[in-house]
Amino acid sequence: MMKLLIKKNHLNESSFKNELGNHITIEIKSVKDTGTNSKGKKEEFDAIEITMEGPSSTSTNTITQREALELYRALERFLKDKKSL
């Protein structure tokens, strides 16, 4: 069962057991980040930080809001045809 704690612009935590029975926690939050734009200049932007933690690994990625939206759309299309979910 998935547990969600939602705050303004911040999905604090989602916890569940995956297909292998492992406890997984996902945290998504709004952050500020700095990157190099297409013209080679440093620029601060609103970003989304995604952290997934399991019993033996942790992964953190910081992406732009547009990248997050495109990832969401791609996952939605990919998972739409999966009947096991």
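Look up: the structure comes first, before these words.
Here goes a summary of the coordinates provided. For every chain, the first residue of the written sequence is number 1, and numbering continues from 1 along that sequence. In view of the model being predicted, local features appear only for residues whose pLDDT reaches at least 70, and side-chain atom pairs are presented and counted only at 80 or more, with totals across whole chains, interfaces and linings using the full set of residues. Heavy atoms from the whole structure form the basis of all side-chain values; hydrogens and water molecules are not counted.

**Considerations on the pairing of strand β3 (residues 23-36)**
Then, number 1: When DSSP finds at least two bridges between two strands, those strands are taken to pair. Numbered from the N terminus, helices here are DSSP runs of H or I no shorter than four residues, and strands are runs of E no shorter than two. As judged from the 12 bridges shared by β3 and strand β4 (residues 42-53), these two strands associate in the antiparallel manner. Bridged to Ile26 within β4 is Met52.
Then, number 2: Once β3 ends, the chain turns through 5 residues before running back antiparallel as β4, passing Gly40 with a positive phi of about 85 degrees.

**Examining a nonpolar patch on the surface**
Then, number 1: What makes a patch is a set of residues exposed beyond 30% relative accessible area and free of salt bridges, joined within 9 Å when like-charged and within 5 Å when nonpolar (Val, Leu, Ile, Met, Phe, Trp, Tyr). Throughout, the Shrake-Rupley method with a 1.4 Å probe supplies accessible areas, and for residues the shown protein chains are the sole cover considered. Any carboxyl oxygen of Asp or Glu that lies within 4 Å of a side-chain nitrogen of Lys or Arg is treated as forming a salt bridge with it. A surface patch of nonpolar side chains, amounting to about 370 Å² of accessible area, comprises Leu71, Leu75, Phe78 and Leu79.
Then, number 2: Among the structural elements, Leu79 can be located in helix α1 (residues 65-80).
Then, number 3: A residue is classified by how much of its surface remains accessible, and Leu79, at 38% relative accessible area, is partly exposed. A 1.4 Å probe rolled over the protein chains alone gives each residue an accessible area, and that area as a share of the maximum for its type sets the label: buried under 20%, exposed over 50%, partly exposed in between.

**Focus on the pattern of salt bridges**
Then, number 1: Per the counting criterion, the structure on display carries 4 salt bridges.
Then, number 2: Glu49 is the salt-bridge partner of Lys29, the closest N and O atoms lying 3.7 Å from each other. Of this pair, Lys29 sits in strand β3 while Glu49 sits in strand β4, placing them 20 residues apart in sequence.
Then, number 3: For Glu49, a relative accessible area of 18% gives the class buried.
Then, number 4: With a closest N to O distance of 2.6 Å, Lys32 and Asp46 form a salt bridge.

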